[in-house]
There are 2 protein chains.
Amino acid sequence: MSGAEAGAPLFDRLCLVGVGLIGSSIARLAKERGDIAGSIVATARSAATLARVRELGIADEVEPDVARAVQGADCVILCVPVGAYAKVMAQMAPHLSPGCVLTDVGSTKGSVVRDLSPLLPPGVHLVPAHPMAGTEHSGPDAGFASLFQGRYTIVTPLPDCDPDAVEKVRELWRRAGSNVETLDPATHDKVVAIVSHLPHLIAFTICGTADDLAEETREAVLKFAASGFRDFTRIAASDVDMWRDIFLNNREALLEMLARFTEDAQALGRAVRWGEAEFIEDRIRRGRRIRRGLVERGQA
Amino acid sequence: MSGAEAGAPLFDRLCLVGVGLIGSSIARLAKERGDIAGSIVATARSAATLARVRELGIADEVEPDVARAVQGADCVILCVPVGAYAKVMAQMAPHLSPGCVLTDVGSTKGSVVRDLSPLLPPGVHLVPAHPMAGTEHSGPDAGFASLFQGRYTIVTPLPDCDPDAVEKVRELWRRAGSNVETLDPATHDKVVAIVSHLPHLIAFTICGTADDLAEETREAVLKFAASGFRDFTRIAASDVDMWRDIFLNNREALLEMLARFTEDAQALGRAVRWGEAEFIEDRIRRGRRIRRGLVERGQA
């Protein structure tokens, strides 16, 4: 496998487009390990972010212009919100080097293929990927090298993709400590719609529902939002731009899962209204069983 | 305040009706502190539970018959699922001693007043209470003395209740380490409907929604249900009987909150469908703001 000899950097020149939680974690990881990239160039839209990256010393070069940043890179990783991909691609596509591996870390994959493929220069290899790791914090200070350790990274290569390029992206994530898996983009989007996007939609929503209650009740809600509600809504602290873009770029799958979930919640609500104890028990028992299955799989 | 002198037990004879997670935690706490009860008698419907309580040595007496168990007790705490209250009350009411404080730990309070008040003997003081503490585990082995430490306990006394009895229940929970607050039963039921009951309904439901997906997607869902979904569904591991009873006994408030939440989730889903970025951003920003407020209050 080319470029994956022990100790040899996987890429000569790695370009990170976007240096938030994920981008800065990759930069820290690459700096720490030394076997991921010979040098790291970072670019971002915001001057403040770039100034901070310079201060943190997590990239070898900091370049405000994305077209210049990607020049000569044999790997470019998009780490911006997925809604910005089409615009960034238009700016950088003419400057990508032949043989370059273009990959990303976005939480939606169908939209990535849709937005990046049309402008892909010949000889540039597109290998979309999604490291399933994150915290509720964002920005270059939030990153850390071990973020991907023990987490899944899903790679969603297109059927005609160069196998060497796919293998390099897989190896990058293995070196990050991830369990690397492969899915087609459509299956990926359905899976994350239910395990991540819908829970976020619910968490954002229920905070608002609570806040809309009458003054007295709202005050009590805020006071008594014990650990259950606080744990449940932890993911509601996530980044605004990132989640707006995820919702808009996984629309079909998210709306499908929201519709299914709403039907199921209404069915349980109906059973509560009509006092159907057996139906309620059955749903609770089922939830417990599936939840236990998750825990067992997580431990296995 | 009678019976609350430092070191003196608050009650002579404390009877715990039900010895699951909460009941056994109170027993352990009372044993550990010594200033809550002179002696502890435990009763439960299940012989296996009582045998286990005997083995654990967390009660001074174990009595299978609830009518005998409550005799001579100056405090009785109901720690069974709220759906069992009416039946238990019918069995024990004639045997409650005059002056006895009857309290409980149920997660619904309107239903408790509804089910216990009609049979309340003269001279017995009903002081409903709800310690907002728990884990996803159940049974006498799951309890621990510090379960209530730093958590809220909401007391919901009726307007005509004896102030000394109310103060004794408040002091019991202060000695358990709880922050004791007072609400009327209806406000309590609305607050817990949104901060606890609806999140549980959602968590039970979304596990089932995930499990209903087509074979291939379901397998991937179980595999990739990363920490987000696992954290989000942690509360779905909770006890079946307890949650069936909570749903059925806080029906009005729960259905009201489910209806509000569903409207709000549908509004966000509609904005996703029609690409209304500003609406989506606004909802996410609001969720974040409220979530931050919760954390700040928690730290304050």
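Residues numbered from 1 in each chain as written. Chains lettered and ligands numbered in written order. Predicted model: local features only at pLDDT ≥ 70, side-chain atom pairs only at ≥ 80, totals over all residues.

In this section: the overall build of chain A. What chain A contains, in helices and strands, is 12 helices and nine strands. Relative to the globule expectation of 19 Å for 300 residues, the C-alpha radius of gyration of chain A, 21 Å, shows essentially globular dimensions. Counting every position in chain A, which comprises 300 residues, the buried fraction comes to 54%. In chain A, of all internal contacts separated by at least 6 residues, the share reaching a separation of at least 24 is 75%. (Helix = DSSP H or I, 4+ residues; strand = E, 2+ residues; numbered from the N terminus. Rg over C-alpha atoms; globule rule 2.2 N^0.38 Å. Buried ≥ 20, exposed ≤ 12 C-beta atoms within 10 Å, placed from the backbone. Contact = placed C-beta atoms within 7 Å.)

This next bit is on the interface of chain A and chain B. Contacts between the two partners involve 80 residues from chain A and, on the opposite side, 79 residues from chain B. Secondary structure elements with two or more residues in the side of chain A that touches chain B: strand E8 (152–155), helix H7 (185–211), helix H8 (215–224), helix H9 (227–232), helix H10 (240–249), helix H11 (251–273) and helix H12 (277–299) of chain A. Among the elements that take part in the side of chain A that touches chain B, H7(A) stands out by supplying 19 residues, more than any other.

Reports of interface size often rely on the accessible area that becomes lost once the parts have come together. Residues and elements named next belong to chain A. Parsing chain A into structural domains produces domain 1 (11–183) and domain 2 (187–299). When each unit is reduced to the centre of its C-alpha atoms, the spacing between domain 1 and domain 2 is 31 Å. Taken together, the contact between domain 1 and domain 2 spans 14 residues of the former and 18 residues of the latter. Classifying every residue of the side of domain 1 that touches domain 2 gives four nonpolar, eight polar and two charged. (Domains from an automatic or database assignment. Nonpolar A, V, L, I, M, F, W, Y, C, P; charged D, E, K, R; others polar.)

Expressed as a screw operation, the relation of chain A to chain B combines 0.0 Å of axial shift with a rotation of 180°, fitting to an RMSD of 0.0 Å. Here the two chains are linked by the operation of a two-fold rotation axis. Judged by C-alpha distance, Phe232(A) is the residue of chain A that lies nearest the rotation axis, at 2.7 Å. Most of the interface of chain A is mirrored in chain B, where 99% of its interface residues again form contacts. (Least-squares fit on C-alpha atoms with pLDDT ≥ 70 in both.)

So, on to helix H6 (residues 163–175) of chain A. All names here are of chain A. Helix length check: H6, at 13 residues, gives a terminal C-alpha distance of 18 Å against a target of 18 Å (1.5 Å per residue), a fit within 8%. All of the buried residues in H6 are Ala165, Val166, Lys168, Val169, Arg170, Leu172 and Trp173. Buried-residue contacts for H6 involve strand E5 (101–104), strand E6 (125–127), strand E7 (129–131), E8 and strand E9 (179–182). Within two residues after H6, Gly177 carries a phi angle of roughly 95°, on the positive side. (Expected span 1.5 Å × (residues − 1).)

A word on the pairing of E5(A). The two faces of a sheet get side chains in turn, since along a regular strand they alternate between them. Residues and elements named next belong to chain A. Both faces of E5 are covered, namely the face carrying Val101 and Thr103 and the face carrying Leu102 and Asp104. Pairing of strand E4 (residues 75–78) with E5, which is carried by four bridges, proceeds in the parallel orientation. Following the sheet pairing, Leu78 is matched in E5 by Asp104. Considered for its hand, the β-α-β crossover made up of E4, helix H4 (residues 85–92) and E5 is right-handed. The sheet contact formed by E5 and E6 spans three bridges and is parallel. Within the sheet, the bridge partner assigned to Thr103 lies in E6 and is Val127. (Pairing = 2+ DSSP bridges. Right-handed = clockwise from strand over helix to strand, strands pointing away.)

Here we take up the packing of H7(A) against H11(A). All names here are of chain A. Orientation of H7 relative to H11, taken along the N-to-C sense of each, is 65°, at an axis distance of 9 Å. Between H7 and H11 lies a crossing of right-handed hand. Contacts between H7 and H11 involve Asp189, Lys190, Ala193, Ile194, His197, Leu198 and Leu201 on the former and, on the latter, Ala253, Leu254, Met257, Leu258 and Phe261. Each residue belonging to the contact of H7 with H11 can be placed in one class, and the counts come to nine nonpolar, one polar and two charged. (Axes fitted to C-alpha atoms, helices over the stretch in contact; angles between N-to-C directions. Left-handed = near helix turned anticlockwise from the far one by under 90°.)

What follows deals with the sheet that holds E8(A). All names here are of chain A. Spatial strand order, E7-E8-E9: three strands in an open sheet with mixed pairing. Each edge of the open sheet is held by one strand with a lone partner, namely E7 and E9. Direction aside, neighbouring strands of the sheet carry axes that sit 20° apart on average. Sheet topology note: the E8/E9 ladder contains four bridges and is parallel. Of the residues in E9, the one forming a bridge with Thr153 is Val180. Where H6 meets the sheet, it contacts E7, E8 and E9, and its direction lies at approximately 170° from that of E8.

Residue-level pLDDT values for chain A average 93, and 96% of them are 70 or greater. With a pTM of 0.90, the predicted complex shows an ipTM of 0.89. (pLDDT = per-residue confidence, 0-100.)

Now for the sheet that holds strand E7 (residues 129–131) of chain B. Residue and element names in this part refer to chain B. Read from one edge of the open sheet, three strands run E7-E8-E9, paired in mixed fashion. Among the strands making up the open sheet, the edge pair consists of E7 and strand E9 (179–182). Pairs of neighbouring strands in the sheet enclose a mean axial angle of 20°, with direction left out of account.

With respect to the helices and strands, the residue Asp160(A) is situated in the loop between E8 and H6. Separated by 134 residues in sequence, Asp160(A) and Ile26(A) have C-alpha atoms that sit 27 Å apart.

This next bit is on the pairing of strand E2 (residues 37–43) of chain B. Residues and elements named next belong to chain B. By the criterion of burial, E2 is predominantly enclosed, with five of the seven residues buried. In this fold, strand E1 (residues 11–17) hands off to helix H1 (residues 21–33), which returns the chain to E2; that crossover is right-handed. Two strands pair when backbone bridges link them, and E2 and strand E3 (residues 61–62) are joined in this way by two bridges, in the parallel orientation. Bridge pairing links Ala42 to Val62 in E3. Each parallel crossover has a hand, and for E2 linked through helix H2 (residues 47–56) to E3 it is right-handed.

A few words on the environment of Ile194(A). Inspection of the secondary structure puts Ile194(A) in helix H7. Taking the C-alpha atoms as reference points, Ile194(A) and Ala253(A), 59 residues apart in sequence, are found 8.4 Å from one another. Ignoring sequence-local partners within four residues, the contact set of Ile194(A) consists of Met257(A), Thr209(B), Ala210(B), Leu213(B) and Val221(B).

Once that is clear, we can look at H11(A). Residue and element names in this part refer to chain A. With 23 residues, H11 should reach 33 Å at 1.5 Å per residue; the first-to-last C-alpha distance of 32 Å fits that figure. Those residues of H11 lying buried are Arg251, Ala253, Leu254, Met257, Leu258, Arg260, Phe261, Ala265, Leu268, Gly269, Ala271 and Val272. Downstream of H11 by one or two residues, Gly275 has phi in the positive range, about 65°.

All names here are of chain A. Here Gly83 is to be found in the loop between E4 and H4. Of the residues examined, Gly83 has 20 C-beta atoms within 10 Å and is grouped as buried. Once the C-alpha coordinates of Gly83 and Asp245 are considered, the two residues, 162 residues apart in sequence, prove to be 4.9 Å apart. Among all residues touching Gly83, those that are not within four sequence positions of it are Arg244, Asp245, Leu248 and Asn249.

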